[in-house]
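In case you want the letters, here they are:
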There are 2 protein chains.
Amino acid sequence: MKLVCSKSNLLNGVNIVSKAVPNRTTMSILECILIDASGSSIKLIANDTELGIETIVEGDIKEKGKIALDAKILTEIVRKLPDSDVTIECDSSLKTYIVCDKANFTIIGKPADEFTYLPNVERLDSINVSQFTLKEVIRQTIFSIADNDNNKIMTGELFEINNDILKVVSLDGHRISVRKINLKSSYNNKKVIVPGKTLNEISKILSGEADKDVNIFFTGKHIIFEFDSTTVVSRLIEGEYFKIDQMLSSDYETKVSINKKDLYNSIDRATLLVKEGDKKPIIMNITDESIELKINSTVGSLDEEISITKQGKDILIGFNPKFMMDALRVIDDEVIDIYLVNPKAPCFIKNSEESYIYMVLPVNFTTVS
Amino acid sequence: MKLVCSKSNLLNGVNIVSKAVPNRTTMSILECILIDASGSSIKLIANDTELGIETIVEGDIKEKGKIALDAKILTEIVRKLPDSDVTIECDSSLKTYIVCDKANFTIIGKPADEFTYLPNVERLDSINVSQFTLKEVIRQTIFSIADNDNNKIMTGELFEINNDILKVVSLDGHRISVRKINLKSSYNNKKVIVPGKTLNEISKILSGEADKDVNIFFTGKHIIFEFDSTTVVSRLIEGEYFKIDQMLSSDYETKVSINKKDLYNSIDRATLLVKEGDKKPIIMNITDESIELKINSTVGSLDEEISITKQGKDILIGFNPKFMMDALRVIDDEVIDIYLVNPKAPCFIKNSEESYIYMVLPVNFTTVS
């Protein structure tokens, strides 16, 4: 194999596929990036067997062939090459020469036939969203997946399509995030659970431009994202997702309208008095024209008042400050509505169209004067 | 005590004096910042007994007094306050109220009389340099102090004044860095050893502007830096500094002129093949028109050639790549001169005026084909 491409194209490609290289594995071939120049284009592929990424790098193939190279070493070498054309050449003994200007690297590759290619999946059923929309909806929901494997389904997100609506849901037992997106066309209804890891990695690769599209294909066991010159294939999480509609009641006793930034900053200030690991709730005393936020800790206390408009009953309620801040951080509205029932019932932050719904469970607290 | 100042002034002051708050200490009063509003201005002071910093914060004193507050908590509170006026008030029970807009923090302070003020040092003998010059000379030498206490003198830098020349020297047993600065006037000769930690912290506070000055005062046991509204007092390291003139021979057998960036980038590429902790030298084969750089490791090999102009003998010599890169990084010249004697003798990188001299000892290596 012998190929020539620019350093910047190669670096871009290597950075993209590296997202599918596992951090820890006992199979050293999985730590490699496959350079496949056996066809008409230069393909880079990485695959951790759950998630696989393939991207095409522009360049010239001088001699067809393929080789698997350690992803970490390849990335570091390419990153530090001068900005010039790079020649990658390997011989039958797997010795690989990476030459750029006067720098000559020699490393040993691994046989390409040990590499596991991406699964060949039929591309039938697909939807189309902009890169911007997909990147945003991941950011707006990914924080409330569960971070451990006790319940596998909670480590993924529900992607549900109903005609021209894409609904994305994540939950971790303490909170639920729901986002609804209007699609440009209507599609067949479907419901899949996409691993959180896949979504995290994809959002790092997506350029996030509004005028570039992503095609998303669904099959029984896989989801495929196609954008730019890149294809991402991921296994789906098997099983039935939680029936969240039953959890999202719309009854309320108290409705509060509040400036989002004021509330966020105030909770942020309160948390600095709480040492990490200490599960101090933030207590909100909601009365007619203001919320009084209170936190008491061994370090000191904070007492702060924020103006609101309120409908319904007064209420005294406590929250995990992190959960509140996670939800507030990803809402773009300047003024938000909070719906409450009683100090033990879930609280909802949502807009009138319900294009977003964030549910947070309250926590018990003992009132200290 | 009761005072009012803007959040930004207070934050700036707190950030400056925090540099003298020790990370670990058994004396909790040292973890505090003293707010001293007993005179006509608001002073913030921190002091770890080796290094002390005092700065003046603009604001109004409503009621004279002073209080010591935990530096970490104070910093975090001030950082997260809204951009507005801050009132700090404390009562006789040390309860301290920090109020800004609608946020009311209450924390407990420590008695000001437990606090150790900066030593009262006579300001007689002084020199004057720009903030830019001082910040630069620290950056250009600080990397070659010793990072452990085996030899206390090596953890500091020599500041030596001879008429209108300030010479700054650091060394760690493997290398020496020397910088000479022309001062605007002539001063009494002096020679002191300034702790590396003091210089590191000062360079973080210096704005680095060329048209702002620093007054440096010298006494038998202390050095004082005065700039902006800030005073830094540091103990000196006692003892006699190494006689470096004997180590800086000017004989050479080979002189090489080389593009600094090319050499730096090439060594940088070579080091990526070396795992951390592995002491692989970089081998330079210097011949008439080029340096060939070679590194061999279990990961792979790099071979690279850089054009040079050379006077004198050919030489094959090995270096610790980190030591070479540290020196190259802080030299601004595009083309540098390297002076060599033999593979076991020190190598010098210096300009013709000797305003900088970097000495690096070579390392032994076994030639591998």
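Before going into details, it helps to say that this report is about the structure given with it.

The rules behind these values
- Residues numbered from 1 in each chain as written.
- Chains lettered and ligands numbered in written order.
- Predicted model: local features only at pLDDT ≥ 70, side-chain atom pairs only at ≥ 80, totals over all residues.
- Heavy atoms only, no water.
- 1 Å grid on protein atoms, 1.4 Å probe; cavity = no way out; pocket = protein on both sides within 12 Å on 5 of 7 lines; lining within 4 Å.
- Points joined across faces, edges and corners; volume = space filled by probe spheres on them.
- Helix = DSSP H or I, 4+ residues; strand = E, 2+ residues; numbered from the N terminus.
- Nonpolar A, V, L, I, M, F, W, Y, C, P; charged D, E, K, R; others polar.
- Least-squares fit on C-alpha atoms with pLDDT ≥ 70 in both.
- Pairing = 2+ DSSP bridges.
- Axes fitted to C-alpha atoms, helices over the stretch in contact; angles between N-to-C directions.
- Contact = heavy atoms within 4.5 Å.
- Expected span 1.5 Å × (residues − 1).
- Buried < 20%, exposed > 50% of the residue type's maximum accessible area, 1.4 Å probe, protein only.
- Polar contact = N/O pair within 3.5 Å; in protein donor to acceptor, adjacent residues only side chain to side chain.
- Buried area = accessible area lost by both parts, 1.4 Å probe.
- Salt bridge = Lys/Arg side-chain N within 4 Å of Asp/Glu carboxyl O.
- Left-handed = near helix turned anticlockwise from the far one by under 90°.

A closer look at empty space enclosed by the protein
Residues and elements named next belong to chain B. With the rule as written, the count across this model stands at 4 cavities of 30 Å³ or more. In this structure, the largest cavity occupies an estimated 40 Å³ of space. Lining the largest cavity are Asn 47, Thr 49, Glu 50, Leu 51, Gly 52, Leu 118, Pro 119, His 222, Val 233, Ser 234 and Arg 235. Of all the secondary structure elements, the ones that give two or more residues to the lining of the largest cavity are β4 (51–57) and β15 (230–235). Broken down by element, the residue count for the lining of the largest cavity peaks at 3 residues, all from β15. Considered class by class, the residues forming the lining of the largest cavity number 4 nonpolar, 5 polar and 2 charged.

Some words on the relation of the copies chain B and chain A
Superposing chain B onto chain A takes a rotation of 180° plus a shift of 0.0 Å along the axis, which leaves an RMSD of 0.0 Å. Between the two chains, the operation in question is that of a two-fold axis.

A short note on the sheet that holds β15 of chain B
All names here are of chain B. Pairing in this open sheet of 8 strands is antiparallel, and the strands run β6-β2-β3-β4-β15-β14-β13-β10 from one edge to the other. The open sheet terminates on both sides in strands that have one partner only, identified here as β6 (65–70) and β10 (125–130). Here the strands of the sheet are splayed against their neighbours by 20° on average, with no regard to which way each runs. Note that strand β13 (residues 213–218) and strand β14 (residues 222–227) share 4 bridges and pair antiparallel. Paired with Phe 217 across the two strands is Ile 224, which belongs to β14. Docked against the sheet, helix α3 (residues 131–139) engages β10, β13 and β14, running at close to 90° with respect to β10.

Focus on helix α5 (residues 260–271) of chain B
Residue and element names in this part refer to chain B. With 12 residues, α5 should cover 16 Å at 1.5 Å per step; its first-to-last C-alpha distance of 17 Å lies within 8% of that length. Among the residues of α5, Lys 260, Leu 263, Tyr 264, Ser 266, Ile 267, Asp 268, Arg 269 and Ala 270 are the ones counted as buried. Structurally, the start of α5 carries an N-cap: the backbone nitrogen of Lys 261 is 2.9 Å from a side-chain oxygen of Asn 259.

Let's talk about the interface of chain B and chain A
Opposite the 24 residues of chain B that make contact, chain A presents 24 residues. Here chain B packs against chain A, burying approximately 2200 Å² in sum over the two surfaces, 57% of which is carbon and sulfur. Applying the counting criterion to the chain B and chain A interface returns 2 salt bridges. The partner of Asp 268 of chain A in a salt bridge is Lys 80 of chain B, and the shortest N-O contact between them spans 2.9 Å. Sorting the residues of the side of chain B that touches chain A by element identifies α2 (71–80), β9 (103–108), α5 and β19 (300–307) of chain B as the ones contributing at least two each. Here the side of chain B that touches chain A gets 7 residues from one element, more than from any other, and that element is β19 of chain B. Taken together, the residues of the side of chain B that touches chain A sort by class into 11 nonpolar, 5 polar and 8 charged. By the bridge criterion, 5 bridges tie strand β19 (residues 300–312) of chain A to β9 of chain B in an arrangement that is antiparallel. When the sheet's bridge partners are listed, Ser 301 of chain A is paired in β9 of chain B with Thr 106 of chain B.

Side note on helix α4 (residues 196–205) of chain A
Burial of α4 of chain A is extensive: 7 of the 10 residues sit out of reach of the surface. All buried positions along α4 of chain A are accounted for by Gly 196, Thr 198, Leu 199, Glu 201, Ile 202, Ser 203 and Ile 205 of chain A.

Notes on the layout of surface pockets
Remark: the empty space left among the atoms is shown by a probe the size of a water molecule rolled over them. Considering only enclosed or pocket space, the largest pocket measures out at about 900 Å³ in volume. Considering the residues around the largest pocket, the lining is formed by 31 residues, among which Gly 277, Asp 278, Lys 279, Asn 320 and Lys 322 of chain A are closest to the centre. Elements with a contribution of two residues or more to the lining of the largest pocket: α6 (321–329) of chain A together with α2 of chain B. When grouped by side-chain class, the residues that make up the lining of the largest pocket number 14 nonpolar, 6 polar and 11 charged. Every residue lining the second largest pocket is counted, 26 residues in all, and those nearest its centre are Lys 279, Asn 320, Pro 321, Lys 322 and Phe 323 of chain B.

Concerning the pattern of salt bridges
Residue and element names in this part refer to chain A. One pass over the full model with this rule turns up 40 salt bridges over all chains. Between Lys 190 and Asp 125 there is a salt bridge, with the nearest N and O atoms lying 3.2 Å from each other. Remark: Asp 125 occurs in strand β10 (residues 125–130) and Lys 190 occurs in strand β12 (residues 175–195); sequence separation between them is 65 residues. Since its relative accessible area comes to 27%, Asp 125 is described here as partly exposed. The network of salt bridges with common partners includes Asp 172, Arg 175, Lys 322, Asp 326 and Arg 329.

Some remarks on the packing of helix α5 (residues 260–271) of chain A against α6 of chain A
Residue and element names in this part refer to chain A. Put simply, α5 and α6 touch, their axes get as near as 10 Å, and they point 150° apart. The hand of the α5/α6 crossing is left-handed. Note on element contacts: α6 touches α5 through Pro 321, Met 324, Met 325, Leu 328 and Arg 329, opposite Lys 260, Leu 263, Tyr 264, Ile 267, Asp 268 and Thr 271.

Digging into the pairing of strand β16 (residues 254–259) of chain A
Along any regular strand, the residues point their side chains to alternate faces of the sheet. Residues and elements named next belong to chain A. The buried fraction of β16 is high, at 5 of 6 residues. In terms of strand pairing, β16 meets β19 through 5 bridges, oriented antiparallel. Each bridged residue has a counterpart across the sheet, and for Lys 255 the counterpart in β19 is Gln 311. Across 6 bridges, β16 lies against strand β21 (residues 335–340) in antiparallel orientation. If you follow Thr 254 over to β21, its bridge partner there is Leu 340.

Things to note about the sheet that holds strand β16 (residues 254–259) of chain B
All names here are of chain B. Across the sheet, which stays open at both edges, the 7 strands sit in the order β11-β12-β24-β23-β22-β16-β20 with antiparallel pairing between neighbours. Where the open sheet ends on each side, the last strands, each with one partner, are β11 (156–171) and β20 (309–312). Neighbour to neighbour, the strand axes of the sheet diverge by 20° on average, direction disregarded. In this fold helix α4 (residues 196–205) packs onto β11 and β12 (175–195), with an angle of close to 70° to the strand it touches most, β12.

Some details on unusual backbone geometry
Although it is not a glycine, Leu 94 of chain A adopts a positive phi angle of roughly 75°. Take Leu 94 of chain A: it is sitting in the loop between β7 (85–90) and β8 (95–100). Exposure remark for Leu 94 of chain A: the relative accessible area of 24% places this residue in the partly exposed category. The phi angle at Thr 49 of chain B is positive, at roughly 80°, despite the residue not being glycine. In this structure, Thr 49 of chain B sits in the loop between β3 (42–47) and β4.

Function cannot be read off these values alone, since they describe shape.
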